[in-house]
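# Descriptive analysis of the structure
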Amino acid sequence: MDGLFLYIINMSVTASYAIAFVIVLRLFLKRLPKVFSYVLWFAVLFRLVIPFSFESVLSLIPKDVRIPQDIAYSPNPEISSGISSVDSVVNNLLPAPVDHAASINPMQAWLAVGEIIWITGMVILLFYSIFTTVKLYRNINGAVHTEDNIYILDGLKTPFVFGIINPKIYLPDQLSKNEKIYVLLHEQTHIKRLDHIVKPIFFLVTCIHWFNPLAWIAFCLMGEDLELSCDENVVKQLGNNIKKEYSSSLLFMSTGRKIVSGCPLAFGENNTKGRIKNILKYKKPAVWVLAAAVIAVIIIIAALISNPKTEARLDALRPMIMVNGELYLDTGRSVPAEIDESAIIGEVKSSVSPSEKPTEEGQTNFGFTGAKYAHFEDNIVVLIDNEWYVFEKDVTEDVSIHLSKENKSTGMYEKVTVKTEEIEKTFSWKNVTNPTYAPVKYIADVDNDTKDEIIILLTTGYGTGVQVQDIHILNSEDLSEINIEDPLEAINKTVSSSITINGDIVSVEIKWNGNSIEKSYDKSYAGVWLDKVSFGSIINYEIVNDRIVVKVPGQMSPAAFPFIAVVEYDENLIITNIEVMEIVDKTSRDKISAYLEEESKAVFSPYYELLDFIIYNYAEENKDGNIEAVFNYTIVHKNYDRDPDTVEYIKEAKEKGDGSYQQLYDEYLQPKDMNFYLKAVIDENNNITLYHNFSPNGVDWQETEMSDYIIR
């Protein structure tokens, strides 16, 4: 239900722009026949009903107007309405999810309440509409059939059309012969144009978007344009000499109010004064004016129903450093030899975000301020963790990557365009829309043909314990794709494994090409164990010495990746070697993991059965002799085994016959996640201090303890 509710809100926000544009455009079209204004409202109807559309450079809708489908679970929930001032106000009001042992975060609660209010409003409006329609149906039971679909009803104030499948015209008994002619023509025009169907549909859609005041304004203005265009059609067919008599009839048969409902289509409804003025001023426009108006309205409708081009240029953002005004990119290679002190030319002075390119001398996009860098052959080497890493001059500027055809339901771009100075080509590849995982490009001669190839790495999946890359290698001359052997298929054929639990001991065995690794673990090492070591949830490609290398971690639990398969390719892009190795975790991460597990058990075990402890998105650096690590931390837990029917709130729901009883019962038994975003500092005495970011919009680390996350 959350997904549907957010889809409705997203459509309503987008439709609001269409409504605003139509309201303004009506002012410029006021000298033209009102049928043109009426037709524009179908673009609004499209926006209120259809959650997707095509892309166009003509689109009048701002870019990135959306409320994320995962906003309830976002660590920093934000909307994008296309108006920065509105976004600022709303986003400051939105609650940030709390990383503690609460069963529901505030944003989920907001959505749940919003859904209840939304559904309640719809039900009230629909019941009101049904009630008034049934009441009207009973009142017209005494109508006398005269001919075709025409009925006469004594005491009727104004003519109207009633019915959808077989619409009938109801007339007052006091109409003169002339009045009857143009009143019938007016109502028959409604039926011919299917207005008796359009208006109820528009009303039903407005009931769905009842919380949006612009939707109600659109419904009322659509009704006015509907009636005005019908009036003009009568004058057009019967001539200008009926204007005064027709206007007098309108005034006499006016209902004196707007009928805010899907039916009926009443002759005297809606803006009588405005309709009379429009009739008296109406003149049939010249043919060339009508032709120009048709073209203009078609273009406007296309602009209102289309989405803006979402093409985004996302260039490769490998770790890089600027030296002497030029960018040097990380190769992933280290230099075994010592670097002479005389070759050192500077220290890293500053750093920008990983998604930005350095623009100043000595600036990086990967941190390590103060690290030394030096000349090495034609490259630059940077001292990182006591190793010199090679950075090569950026030669990828002549190649650009453009992403397009955004699918918001999947969070993927579905088209990738590669452009060089000579050629451009579009491929049906996919990449996630998260800009953190922008495509990465390399230029290297990976097939040893003396010509550089374009290597593009795309991210097709990411999340907790997931980061999957896809590789595409292109001929730099014609952008034809070069085949490369699938690393996962090769791993699955070559590597076999088993995980055996025997009491408190877990035995893990991996075999490949006559080699093997055998390890034993305490069962408590992981809360949940897999049946075998699994490869594939993380796939990372590297270019090393103009050869492709793939690193695929192997996991034995949702959080434990103690092995890695390294896949090496030859110049024919065929796999030549697969080696499986054990990963030795960094000491600091081990310390933090053990500390958090111990603290978590002490704090939360009285309340929950703890199943697993997961650290991910881990990054650390050395600052003033201390290790500072920033990471996400998840505790997988479930309620202690007991009959859910003995839990007070579930027991109460069952006794009351609450429809949510079964859901509450099932949820009680299911594992849940507690999510934290933390910083841990290990000082020189190996003491660990935890910090939590308390700022919803920036960074404000404040000291905390795991016990702070218990709601008392």
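Just above sits the structure.
Read on for a plain summary of the structure. (Residues numbered from 1 in each chain as written. Predicted model: local features only at pLDDT ≥ 70, side-chain atom pairs only at ≥ 80, totals over all residues. Heavy atoms only, no water.)

In this model, helix H5 (residues 177–192) (16 residues) spans 22 Å end to end at C-alpha, consistent with the 22 Å of a helix rising 1.5 Å per residue. All of the buried residues in H5 are Glu-179, Tyr-182, Val-183, Leu-184, Leu-185, His-186, Glu-187, Thr-189, His-190 and Ile-191. (Helix = DSSP H or I, 4+ residues; strand = E, 2+ residues; numbered from the N terminus. Expected span 1.5 Å × (residues − 1). Buried < 20%, exposed > 50% of the residue type's maximum accessible area, 1.4 Å probe, protein only.)

Here we take up the packing of aromatic side chains. This model, assessed by the stated rule, comprises 14 aromatic pairs. Each ring, one from Phe-160 and one from Tyr-170, has its centre 5.3 Å from the other, and the planes form 25°; the classification is stacked. One end of the pair, Phe-160, is in strand E3 (residues 160–162); the other, Tyr-170, is in strand E4 (residues 168–172), and ten residues separate them in sequence. Both residues of the pair, Phe-160 and Tyr-170, count as buried. Ring pairs connect the aromatic residues Phe-202, Phe-203, Trp-216 and Phe-219, which therefore count as one cluster. Across the ring face of Tyr-691, the terminal group of Lys-679 is positioned such that the distance to the ring centre comes to 5.3 Å. (Phe/Tyr/Trp six-rings, centres within 6.5 Å; stacked < 30°, edge-to-face > 60°. Lys NZ or Arg CZ within 6 Å of the ring centre and 35° of its normal.)

Together, Val-57, Leu-58, Ile-295 and Ile-299 make up a nonpolar patch on the protein surface, roughly 400 Å² of accessible area in all. Among the structural elements, Ile-299 can be located in helix H10 (residues 287–305). Here Ile-299 falls in the partly exposed class, since its relative accessible area comes to 42%. (Patch = residues over 30% accessible without salt bridge, like charges linked within 9 Å, V, L, I, M, F, W, Y side chains within 5 Å. Areas by Shrake-Rupley, 256 points an atom, 1.4 Å probe, with all protein chains shown as cover. Salt bridge = Lys/Arg side-chain N within 4 Å of Asp/Glu carboxyl O.)

All right, on to the pairing of strand E19 (residues 440–444) then. Of all five residues that make up E19, five are buried, and the element is covered over most of its length. Side-chain alternation along E19 places Val-440, Tyr-442 and Ala-444 on one buried face and Lys-441 and Ile-443 on a second face that is also buried. Sheet topology places E19 next to strand E20 (residues 453–463); five bridges connect them, and they run antiparallel. Paired with Ile-443 across the bridge in E20 is Ile-454. (Pairing = 2+ DSSP bridges.)

On to the packing of helix H8 (residues 243–252) against helix H9 (residues 272–281), then. Contact geometry of H8 with H9 gives a least axis separation of 10 Å together with a crossing angle of 175°. With respect to H9, the element H8 is oriented roughly antiparallel. Between H8 and H9, the contacting residues are Lys-243, Tyr-246, Ser-247, Leu-250 and Leu-251 on the first element and Thr-272, Arg-275, Ile-276, Ile-279, Leu-280 and Lys-281 on the second. Taken together, the residues of the contact of H8 with H9 break down into six nonpolar, two polar and three charged. (Axes fitted to C-alpha atoms, helices over the stretch in contact; angles between N-to-C directions. Parallel < 35°, antiparallel > 145°, perpendicular 65-115°, else oblique. Contact = heavy atoms within 4.5 Å. Nonpolar A, V, L, I, M, F, W, Y, C, P; charged D, E, K, R; others polar.)

Turning our attention to the nonpolar core. Core analysis: the largest hydrophobic core is formed by 39 residues, its most contacted members being Ile-455, Ile-548 and Phe-563. The next biggest cluster of nonpolar side chains, apart from the first, holds 31 residues, and it includes Ala-43, Val-205, Cys-207 and Ala-293. (Core = buried A, V, L, I, M, F, W, Y, C linked by side-chain atoms within 4.5 Å.)

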